[in-house]
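Understanding the architecture of this molecule
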Amino acid sequence: MKYFLRRIGYFLLTLWAAITLNFLIPRLQPGDPAELMIRQISGRDTEIDPARIEAMRVMLGQPDGNLFEQYLAYLGQLARGDFGYSYTYFPATVTDVIGRALLWTLVLVGVTLVLSFVLGTVLGAFAAWWRNSPFDSIVTLGSTFVGTLQSFWVALLLLFVFGYVLGWFPTAGGYEASMPGLNLEFLLDAVKHSVLPAAVLMLLGPVGWVLGMRNTMILNLGEDYIRLARAKGVPDKQIALRYAARNALLPSVTGLAMALGGILGGQILIETTFDYPGLGRLMQQAASGKDYPLLQALLLFTIVGTLVANLVADMLYGVLDPRARKAA
Amino acid sequence: MDRHASAPDDVTPILEVEDLTVRYAPKLHPALDAVDHVSFSIRPGEFVGLIGESGSGKSTLGTAVLRLTERPGSITGGTIRFDGMDITSMSQEELRPYRWRDFSTVFQSSMNALNPVVRVEDQFRDAIELHSSRRGGEVVERIKELFDLVLIDHRFIRAYPHELSGGMKQRVNLALALANDPKFVLLDEPTTGLDVVVQRSILEGVRRLQAEQGFAVLFISHDIGTVMDLSDRILVMYAGRIVEEHDTDDLLREPLHPYTKGLLGSYGDPRQETVRITYVPGRPPDLSQPLQGCPFAPRCPERIDRCLTDAPPLVEMPTTRTEGAVTALRLDAAGTWRPPRAACHVALLQRTEPGTPGLPERTVRFAGPAFEKSVGETTEALRGEVLLDVADVTKVFSSRQGLRRRETLAVDGVSFQLRRGMVTALVGQSGSGKSTLARMITGVDRPTSGSITFHGRQGPVDVGTLGGSGLRGYRSLVQMVFQDPYSSLNPNKTLEYILSRPLRNHRQMGRAELGAAIDELLERVALTPARRYRSRHAFELSGGQRQRVVIARALAAEPELIIADEPISSLDVSIRAEVLDLLQRLVADSDVGILYITHDLLSARMLADDVVVLNQGRVAEHGIAIDVIRDPQDEYTRRLLDAIPNPFADIYKP
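Nothing here was measured: the structure is a model prediction, and the numbers come from that model.

**A short note on the overall build of chain A**
- In terms of regular secondary structure, chain A is built from 15 helices and zero strands.
- In chain A, which comprises 328 residues, the share counted as buried stands at 41%.
- Partitioning the intrachain contacts of chain A with sequence separation of at least 6 by distance along the chain shows that 70% fall at a separation of at least 24.
- On chain A, roughly 17,500 Å² of surface is accessible, and the fraction owed to carbon and sulfur atoms is 69%.

Right, here's the structure in full:
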């Protein structure tokens, strides 16, 4: 129990630090951000109307008062989920913009991640169990080869072959209909749009899990308790599942929890290549469009996601491995 | 059935191994037979010991007997019969029902034999439910019985393995092996790595249980003393073959094979005025190369011409006992006596054709090199000038846990003096503070209070206050010899390179002087002729030779004090004396002092003039080595002494 309380304590502390840094860093930058933005919008040497700057301040929701009062106000906004307005999608609020992209990324990246994990782990476990067999060689060498490919390159290749040459799948976007609605037609359309990006993720995703699982499991198979299980007469299938695979799964499970946290960052390269309306593309747009409120919110989102994932991973490890509880 | 009344032929051996060969065929190296045409049998209830140097094939044989040989090894010939049933070529599936019900094992390094993420209870449940009809509450009852057998509190049934101490894990493993009342248990180095005192208590437990429950045991260990103490009969293995099979008591009285004599010679009685222990020079043969003659011949002091050409077969030997009339009087556990066997031309000829020309004199002792220590040398050494003065040294470690601070007293008010040309031994179990003390003497840690003064040639130095360049200068005067020569030498470097490093660093030697200095060092540690060793790589050397190189490296800096931390405990007993002998000659020939850190009182007696026994950071006893051993004043010293196996206790009365 102490282990879990301590983990939660660390989590809250880090979260607070992240939020505070996210608040402080823009404010520590020299110059007035509002003025800076107006300048960027209207060009370097033009005369700037102070009213515009003031208007920008209001738009950005920059409060008056000293740093501490601002900080409290900022925390209050966060609690209400108020991140201000996005520049690129003005007058939409940042919360709305993120909300619209969130589901797309969650479905695409989340589903492919979980499937990649399952596929990769199973392949890795079998490769380890039959190590040095042809199956192992194919899986290991194959993974290593695929692992060296760049995701955007694979994406472009698929896009070219299946999108342009064969014309089987749409080449951009997440859906065709102008307004998404919850009907079969739209869902089918959305699935059709996500086939290519999902294929790229499913091709590259399992690689890490395969190699990780295989290597840990081979290490595990050399352990004395596996030898002892053999000597005990435990059937092979049970040794493979309950002894070797179960213990080898521990680091992978932590890895999965962490990777799930990373979903919130989206898949920038893939989403941009396919012009997929998820968080990754949003991040790319926010960065190139200097959409600071959006960018800041996305970063905070990613940080929180990673932290929560970390907490979950720690908790899981505590449940799965009794040694971790004591060591902490 | 009254076993003692049965005739030898009536007893079906529980384990019968005939002509067994186990071959290792790795992809990148030549194939070798790690077990080479081995035959022996074990009867129900018998306790048989299997000894030999590391690499002799003991564990390979043990693993093969359980049909657990793994690639690249495989059984390529012979048969294994268990309780009359041929299991040599049974499939794992056919074999499964017999596993752990009829034969079980406690593995080497079985510290890791328990699955770390599963409760002890479930690991017992596995073993019990697979092989018996016990379920649920009955299983728990059985586990409780087993825990009682090995004297462990029931509350640890629900524990995870990491919550048990090393000794407890070992006892749990033993209990696990006995879970289904097996007929045969293989013990493969079951206590290696444990403290002497803990080891003692576990092995006594094994013997007690074996007597109560009547299972047969094959006990594999390189710790010959323990094996001798426990076993009814001994198998001696060398280069994959059994070279001698002999009842323990008879073997101690009249060892047949020179190799057995060599192994036995590494034990001496520490209470004697003069202790003599022998060592077997050289290293075991490379089994991937074809062998001609007896594999032991190159290391054998008794060899005759025939040994170099013909491999001696393992045959029954007439001994003093079989020659006399007492033969059938003494019966072993199974009620029969079997004649000893040995694979040695010399032993056979000495007993059958004593007139053969060129035959060496019959001897029970190893005729090879020996190391002797007598009390006279100590009196001499006590006149040297003080080199190291440890005065009332205390070390407190504090660790923080949350907001609480916990203080551990690692060393508590220790004082002793080390003189030039003398060896002082720090003796104690793990956790006694001996390593902490060594760290303070080398300047790695500072004492919390008290002082350590080093009286070097350049005047006295207070070690506790040294820092920076002072410390660097001091460290070239104090050199360490570590426990494991396999990990303290880079195996891929030549001896020339290894020895040139300290010569350059500490003595700023140029290329011109290096050659001569390296040769001199090699000669000092008796790696001669130096020319031949200079360009050899560390991996080509035996453990004893490697430890010599480590010592030579320490000497290169021209130290005034050498700290030897368990320098022989990772070496095979057959070569330990070799290293002791070298250290002894070092102190005799120069005025260095040696601080010898060990858990082993026997080796302390062999090497040291002065013994400091540490217990929980405090000096339990301090005195002249021979006095401490002959007349220990402290209860703890007595316990350490009792833990030394002494197979000769009944044979040679002091």
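Text resumes after the structure shown.
**Considering unusual backbone geometry**
Residues and elements named next belong to chain B.
- The omega torsion across Arg71 and Pro72 is 5°, close enough to zero to call that bond cis.
- Positioned with a positive phi, Trp100 is a non-glycine residue whose angle comes to about 65°.
- Looking at the secondary structure, you find Trp100 in the loop between helix H2 (92-95) and strand S6 (103-106).

**A look at the packing of aromatic side chains**
- For the structure on display, the rule yields 15 aromatic pairs over all chains.
- Here Phe47 of chain B and Phe219 of chain B contribute two aromatic rings whose centre-to-centre distance is 6.1 Å and whose plane-to-plane angle is 80°, an arrangement assigned as edge-to-face. Highlighted residues: Phe47 of chain B in strand S3 (residues 47-51) and Phe219 of chain B in strand S8 (residues 216-220), separated in sequence by 172 residues.
- Ring pairs connect the aromatic residues Phe23, Tyr71 and Tyr74 of chain A, which therefore count as one cluster.
- The positively charged end of Arg227 of chain A is found above the aromatic ring belonging to Phe107 of chain B, 3.8 Å away from the centroid.
- Sitting over the face of the ring of Tyr497 of chain B, Lys493 of chain B holds its NZ or CZ atom 4.8 Å from the ring centroid.

**Section: the nonpolar core**
Residue and element names in this part refer to chain B.
- Core analysis: the biggest nonpolar cluster contains 168 residues, and Leu15, Phe40, Phe124 and Phe184 have the highest contact counts within it.
- Ranked by residues supplied to this core, first place goes to helix H20 (residues 573-589) with nine residues.
- Beyond its immediate sequence surroundings of up to four residues, Phe40 is in contact with Leu15, Glu16, Val17, Leu61, Val65, Leu218, Leu235, Ile242 and Arg341.
- Val411, Ala438, Ile452 and Leu471 belong to the second largest nonpolar core, which has 28 residues in total.

**Some thoughts on a positive patch on the surface**
- Together, Lys493, Arg501, Arg504 and Arg511 of chain B give the surface a local cluster of positive charge.
- Counting through the fold element by element, Arg504 of chain B comes out in helix H16 (residues 495-507).

**Details of the pairing of strand S10 (residues 241-247) of chain B**
Residue and element names in this part refer to chain B.
- The buried count for S10 comes to six of seven residues, which makes it a mostly enclosed element.
- Where strand S9 (residues 233-238) and S10 come together, six bridges link them in antiparallel fashion. Looking across to S10, one finds that Arg233 is bridged to Asp247.
- Across two bridges, the pairing between S10 and strand S13 (residues 341-342) is antiparallel. Pairing of Glu244 across the sheet is with Ala342, part of S13.

**A closer look at the pattern of salt bridges**
All names here are of chain B.
- The full count for this structure, using the stated rule, is 46 salt bridges over all chains.
- For Arg276, the salt bridge identified is with Glu372, shortest N-O distance 4.0 Å. Taken together, the positions of Arg276 in strand S11 (residues 274-278) and Glu372 in strand S14 (residues 370-374) put the pair 96 residues apart, joining distant regions of the chain.
- With a relative accessible area of 33%, Arg276 lands in the partly exposed category.
- According to the relative accessible area criterion, Glu372 is partly exposed, its value standing at 43%.

**Describing the interface of chain A and chain B**
- The partner chain B presents 25 residues to the 24 residues of chain A that form the contact.
- Here chain A and chain B share four salt bridges between them.
- Measuring nitrogen to oxygen at the nearest pair gives 3.8 Å for the salt bridge that ties Asp236 of chain A to Arg96 of chain B.
- Put simply, chain A and chain B have six residue pairs in polar contact (both at pLDDT 80 or more) between them.
- Its residues assigned to classes, the side of chain A that touches chain B shows nine nonpolar, two polar and 13 charged.

**A look at the sheet that holds strand S4 (residues 73-82) of chain B**
Residue and element names in this part refer to chain B.
- Strand order in the open sheet made by the four strands is S2-S1-S4-S5, with antiparallel pairing throughout. Taken across any chain shown, the strands that pair with only one partner, and hence form the sheet edges, are strand S2 (32-42) and strand S5 (85-86).
- Sheet analysis places strand S1 (residues 15-24) next to S2, joined by seven bridges and oriented antiparallel. From the neighbouring strand, Val22 faces S2, where its bridge partner is Val35.
- Strands S1, S2 and S4 of the sheet are contacted by helix H1 (residues 58-65), whose axis makes an angle of about 115° with S1.

Calculation criteria
- Residues numbered from 1 in each chain as written.
- Chains lettered and ligands numbered in written order.
- Predicted model: local features only at pLDDT ≥ 70, side-chain atom pairs only at ≥ 80, totals over all residues.
- Heavy atoms only, no water.
- Helix = DSSP H or I, 4+ residues; strand = E, 2+ residues; numbered from the N terminus.
- Buried < 20%, exposed > 50% of the residue type's maximum accessible area, 1.4 Å probe, protein only.
- Contact = heavy atoms within 4.5 Å.
- Areas by Shrake-Rupley, 256 points an atom, 1.4 Å probe, with all protein chains shown as cover.
- Phe/Tyr/Trp six-rings, centres within 6.5 Å; stacked < 30°, edge-to-face > 60°.
- Lys NZ or Arg CZ within 6 Å of the ring centre and 35° of its normal.
- Core = buried A, V, L, I, M, F, W, Y, C linked by side-chain atoms within 4.5 Å.
- Patch = residues over 30% accessible without salt bridge, like charges linked within 9 Å, V, L, I, M, F, W, Y side chains within 5 Å.
- Salt bridge = Lys/Arg side-chain N within 4 Å of Asp/Glu carboxyl O.
- Lys, Arg positive; Asp, Glu negative; His and termini not counted.
- Charge placed at Lys NZ, Arg CZ, Asp CG, Glu CD.
- Pairing = 2+ DSSP bridges.
- Polar contact = N/O pair within 3.5 Å; in protein donor to acceptor, adjacent residues only side chain to side chain.
- Nonpolar A, V, L, I, M, F, W, Y, C, P; charged D, E, K, R; others polar.
- Axes fitted to C-alpha atoms, helices over the stretch in contact; angles between N-to-C directions.

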